[in-house]
Amino acid sequence: MSTSDPASVEERLARLERMVEALHARLGESPATTEAPALPPQTNAGERGEGAAWGQAPRYPHEWARDAAGGMLRWDGQTWLNRIGIVLLLLGVALLFRYSIDQGWLTPGVRVAFGAAVGAVLLGIGLAMRERRFAAVLVGGGIATFYITGWAAFNLYALVGYLPAFAGMIGITLGAFWLALHRDAPLLAVLGAFGGLGTPLILGISYASPRGLALYTSFILAWTAGLYLRRGWWSVLWTSIAGGWLLLALYANWLPTVLRGGAGGQAWVQAAAVFAWLALGVLPFARRLGELRAARAAHAGEKPFRERRWTEAQAVHWNGVALVSPAMALACTALVWRLPPDAWGMWAVGAAAAYAAGAWALHRADGRLARVLLFASSLLLSAGLLAALSGEALLAALTAQAVGLHLLAARGAGPGARWMAHKVFTGVAAWVLFRLVESAATDPRRVMADLAVIGAGFAVSYLLRAPGEVLAYRLFAHVAAMGWLWRELAPLEGGQGIVTIAWGAMGLTLLLLAGRRGSALLERIAICTLLAAVAKLFLVDLAALDALFRVVLFLGFGAVFLWVSYALPAWWRAPAPADSAAPER
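Residues numbered from 1 in each chain as written. Predicted model: local features only at pLDDT ≥ 70, side-chain atom pairs only at ≥ 80, totals over all residues. Heavy atoms only, no water.

**Regarding the overall build of the chain**
Scanning the chain for helices and strands turns up 21 helices and zero strands. Out of the 585 residues in the chain, the part that is buried amounts to 44%. When the accessible area of the chain is evaluated, it comes to approximately 29,100 Å², of which 70% is carbon and sulfur surface. (Helix = DSSP H or I, 4+ residues; strand = E, 2+ residues; numbered from the N terminus. Buried < 20%, exposed > 50% of the residue type's maximum accessible area, 1.4 Å probe, protein only. Areas by Shrake-Rupley, 256 points an atom, 1.4 Å probe, with all protein chains shown as cover.)

**What to know about a nonpolar patch on the surface**
A cluster of nonpolar side chains, namely Ile84, Val87, Leu88 and Leu91, defines an oily patch on the protein surface of about 370 Å² accessible area. Structurally, Leu91 can be placed in helix α4 (residues 77–103). In this structure Leu91 comes out as partly exposed when scored by relative accessible area, which is 48%. (Patch = residues over 30% accessible without salt bridge, like charges linked within 9 Å, V, L, I, M, F, W, Y side chains within 5 Å. Salt bridge = Lys/Arg side-chain N within 4 Å of Asp/Glu carboxyl O.)

**A few points about the environment of Tyr216**
Inspection of the secondary structure assignment puts Tyr216 in helix α9 (residues 210–231). Classification of Tyr216 as buried rests on a relative accessible area of 7%. Between the C-alpha atom of Tyr216 and that of Thr199, which follows or precedes it by 17 residues, the distance is 9.8 Å. Each residue touching Tyr216, except ones within four places of it in the same chain, is listed here: Phe166, Ile170, Gly196, Thr199 and Pro200. (Contact = heavy atoms within 4.5 Å.)

**Focus on the pattern of salt bridges**
In this structure the tally under the stated criterion is eight salt bridges. Between Glu438 and Arg446 there is a salt bridge, with its nearest N and O atoms 3.0 Å apart. Residue Glu488 is joined to Arg487 by a salt bridge in which the shortest nitrogen-to-oxygen separation is 2.8 Å. The buried category is assigned to Arg487, whose relative accessible area is 5%. The network of salt bridges with common partners includes Glu392, Arg435, Asp450, Arg487 and Glu488.

**Considerations on helix α14 (residues 367–388)**
With 22 residues, α14 extends 31 Å from end C-alpha to end C-alpha; this agrees with the ideal 32 Å at 1.5 Å per step. Between a side-chain oxygen at the N-terminus of α14 and the backbone nitrogen of Arg368 the separation is 3.2 Å; the capping residue is Asp366. (Expected span 1.5 Å × (residues − 1). Polar contact = N/O pair within 3.5 Å; in protein donor to acceptor, adjacent residues only side chain to side chain.)

**Things to note about the side chain of Arg418**
As for its position among the elements, Arg418 is in helix α16 (residues 415–438). For Arg418, which is buried and forms no salt bridge, the nearest opposite charge comes from Glu469, at a distance of 4.9 Å. The residues contacting Arg418, other than those within four sequence positions of it, are His406, Ala409, Ala410, Leu463 and Leu464. (Lys, Arg positive; Asp, Glu negative; His and termini not counted.)

**A look at the packing of α14 against α16**
Viewed as axis vectors pointing N to C, α14 and α16 meet at an angle of 20°, and their least axial separation amounts to 9 Å. Between α14 and α16, the angle falls in the class roughly parallel. Remark: the crossing between α14 and α16 carries right-handed chirality. Listed contacts from α16 to Leu374, Phe375, Ser378, Leu379 and Ser382 of α14 are Gly416, Ala417, Trp419, Met420 and Val424. In terms of residue class, the contact of α14 with α16 is built from seven nonpolar, three polar and no charged. (Axes fitted to C-alpha atoms, helices over the stretch in contact; angles between N-to-C directions. Parallel < 35°, antiparallel > 145°, perpendicular 65-115°, else oblique. Left-handed = near helix turned anticlockwise from the far one by under 90°. Nonpolar A, V, L, I, M, F, W, Y, C, P; charged D, E, K, R; others polar.)

**Some thoughts on the packing of aromatic side chains**
One pass over the structure, following the stated rule, counts 13 aromatic pairs. With centroids separated by 5.4 Å and ring planes inclined at 70°, the aromatic side chains of Phe154 and Tyr207 adopt a geometry described as edge-to-face. Taken as a pair, Phe154 in helix α6 (residues 132–156) and Tyr207 in the loop between α8 (186–203) and α9 lie far apart in primary sequence, 53 residues in all. The buried category is assigned to Phe154, whose relative accessible area is 10%. On the basis of an interplanar angle of 80° and a centroid distance of 5.5 Å, the ring pair of Phe458 and Tyr462 is categorised as edge-to-face. Three or more aromatic residues joined by ring pairs form one cluster here, namely Phe154, Tyr162, Phe166, Tyr207 and Tyr216. Directly above the aromatic system of Tyr228 lies the positively charged group of Arg287, at a separation of 5.4 Å from the ring centroid. A cation sits over an aromatic face here: Arg435 above Trp431, 5.7 Å from the ring centre. (Phe/Tyr/Trp six-rings, centres within 6.5 Å; stacked < 30°, edge-to-face > 60°. Lys NZ or Arg CZ within 6 Å of the ring centre and 35° of its normal.)

Written as structure tokens, this is what we have:
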């Protein structure tokens, strides 16, 4: 990429900004003391370090620089020693606790009180510390200790009933969320989301009803969605996505057995799945659009507003958010109602249409989000078609999808649409090639479906720009056409000879076209086609055709080859040197 390319310059400026912020963090300085550039709209608070409210400055600006330098997993010897130390301390306390139990020193009540005391000490020390990086680890250790203590009090020692234990777990979760907001610590929010979503499994799912589980899961997801809307913490969002959908899938799978839920239970779990899709799959996009609108309003009257290009992490994040929630919502729906594959496939096709409509609605407001939704729509459509259709109908539908994606990509739908189009057409092409060699028994629908795919492959090559992609699609069309002719003509009287003549005609046509255009690559393909026809003469036709037919074929091919090589010397041009890498368009 040229250094004068605007995209390259923007990427370098962004990298320099991150390096300067990281240096400020290491020297103990705050970037807020200097004039800071406005937050780019696509770089929301969550993307820059999970430390700022929506549309507000971060409470602790140095957190952005710290996270920009590597986030929670960056290499910092002091921080990692602190984390390892708290883990070793907790393990030591656990071993001491275990030893005391083995020696019979502690009664169940004392054991639970001891665990609560350890959690309170860790929490108090963490809240009293000024160094927030270390404080968050200590506070998180205290919250984790409270969760373990609550589990032991109910499951191990039966000191409390289910409802008090459940209420205590909810209190711990809400406390973790409040501390996360108050101290601007995403680690505590992640711990609260993990513990809150895991509470039904920790205490035992058989104690609850489908309605209670659905309402409780929706309550926790509402809290985590609110945290994401306010702070933009990616880690909290993905913890909710992973834990929330896993729980709902388990509920849906256990409805007829463990949960013993009837139609009412199915409706509650289905409603929870719809709510999870809204909270985890729709609200993040609404937040993104709100940020974009605010940023454009802030730049009103200035020079044209340009957004920075997404990093790889940002692209993965938004594509995942767009795809995981609808896919899991459909999976939960299939489990709740025990849908057959064709019915589930139609639901998936409907979801794909809805996401395609969303992409169309967003293409002016935010083209990148529109491309993300289109990518998710194409994946859902492929899955739905595979489940709902079969045979020629499925082949035609997948071919139409691939061609449509190529058309959209040619009109600016982005690399995701092009990537998906390649993958869908690759599957279609492999299927057609297998059908061509599978059997000679065909019906008109199969014949026309295969021929339509071959024509689509050749037509799509004119929508592509990369020479390798153009070559791949045209080679498929050429090889598939040869196989189609062999399958359809070979069963006829003297069909093997007709196939050989057809192959020879294809090769000669390509050879003449290559000579006229000076295309070395096309010339090689033509010669390979002619060699295939000659090989068929020796390997197949000598045994399958009458003697007179064999004589005519050999004499005819020999005469045609000699005539082309000697009678049409003026037809040829010098091959283009670059043509070996770029096919003629």
